[in-house]
Amino acid sequence: DTGVSQDPRHKITKRGQNVTFRCDPISEHNRLYWYRQTLGQGPEFLTYFQNEAQLEKSRLLSDRFSAERPKGSFSTLEIQRTEQGDSAMYLCASSRVGGTSGGEQFFGPGTRLTVL
Amino acid sequence: KQEVTQIPAALSVPEGENLVLNCSFTDSAIYNLQWFRQDPGKGLTSLLLIQSSQREQTSGRLNASLDKSSGRSTLYIAASQPGDSATYLCAVEGPGDTNAGKSTFGDGTTLTVKP
């Protein structure tokens, strides 16, 4: 396993369009996280899953954002009716619970979204 | 609400110098603290994870300490090299059961090591 992967790496869309991103975590990891990062800022927590259950969702996440993790494997993040303010890097991370290194998050390369 | 602050925002040092990066957080009831490195336009690379019961972790030229009671962590980099140039971010998970799994990041310290 080569780590967390994300697809696509770059997405350019017009305002009002819907976009969907995919994240494939490290295979034995049961937690999966989504973050958003803008230039010069640290990543901002959006949501996380433990197996297939979405356990936490940021209040910053509007109703236009939805995430799924069917069967506790890969995850998708969908943004409906995109706005220019959605332009950012969307990062996915995964971790496992328990053990001496439990909770250590490993990040994917990110998907850079540009909304025109 | 957990808040994480990293000072300074930017640091420039000559090659070979030892340096310390600082991270402070407002709520001490954390599960863990993790240090990352981020190169421009890239994802984050995990450097060190310190569990709440630990005081420090070491990996190669890196040493991270954690003082929960004072809400502080430091990342010590020995014998800095130009390849260490990057943005260094710290993140804390928690506090409390209601925030388990939720990590709060600082805005990072951008390090430049000059040859």
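> I would appreciate a short explanation of the state of the cysteines in the present structure.
A complete count under the given rule lists 2 disulfides over all chains for this structure. The side chain of Cys23 of chain A participates in a disulfide bridge whose partner is Cys92 of chain A; the two sulfur atoms lie 1.8 Å from each other. Between Cys23 of chain A and Cys92 of chain A the sulfur-sulfur dihedral comes to about -70°; the bridge is accordingly left-handed. With Cys23 of chain A in strand 3 (residues 19–24) and Cys92 of chain A in strand 9 (residues 88–95), this residue pair connects regions lying 69 residues apart in the sequence. Across this residue pair, the class does not change: Cys23 of chain A and Cys92 of chain A are buried. Covalently, Cys23 of chain B is tied to Cys90 of chain B through a disulfide, its sulfur atoms 1.9 Å apart.

> What am I meant to see in the packing of aromatic side chains here?
Aromatic rings in a pair are described by how distant their centres are and how their planes are angled relative to each other. All names here are of chain A. Applying the stated rule across the entire model yields 10 aromatic pairs over all chains. Seen in terms of ring centroids, Tyr33 and Tyr35 are 6.3 Å apart; in terms of plane orientation they differ by 25°. Their pairing is stacked. The buried category is assigned to Tyr33, whose relative accessible area is 0%. For Tyr35, a relative accessible area of 0% puts it in the buried group.

> Is there a simple way to think about the nonpolar core in this case?
Nonpolar side chains in soluble globular proteins tend to be buried together. Core analysis: the largest hydrophobic core is formed by 23 residues, its most contacted members being Leu33, Trp35, Leu75, Ile77 and Tyr88 of chain B. Not counting chain neighbours up to four residues away, the residues in contact with Ile77 of chain B comprise Glu17, Asn18, Leu19, Leu21, Arg61, Leu62, Asp84, Tyr88 and Leu111 of chain B. Among the nonpolar cores identified, the runner-up in size contains 19 residues, and Val19, Phe65, Ala67 and Leu113 of chain A belong to it.

> It is not clear to me how the environment of Pro115 of chain B should be interpreted in this structure. Could you clarify?
Within the secondary structure, Pro115 of chain B is located in the segment after strand 11 (109–114). Sequence separation of Pro115 of chain B and Asn32 of chain B is 83 residues, and the distance between their C-alpha atoms is 34 Å.

Rules of the game
- Residues numbered from 1 in each chain as written.
- Chains lettered and ligands numbered in written order.
- Predicted model: local features only at pLDDT ≥ 70, side-chain atom pairs only at ≥ 80, totals over all residues.
- Heavy atoms only, no water.
- Disulfide = S-S within 2.5 Å.
- Helix = DSSP H or I, 4+ residues; strand = E, 2+ residues; numbered from the N terminus.
- Buried < 20%, exposed > 50% of the residue type's maximum accessible area, 1.4 Å probe, protein only.
- Phe/Tyr/Trp six-rings, centres within 6.5 Å; stacked < 30°, edge-to-face > 60°.
- Core = buried A, V, L, I, M, F, W, Y, C linked by side-chain atoms within 4.5 Å.
- Contact = heavy atoms within 4.5 Å.

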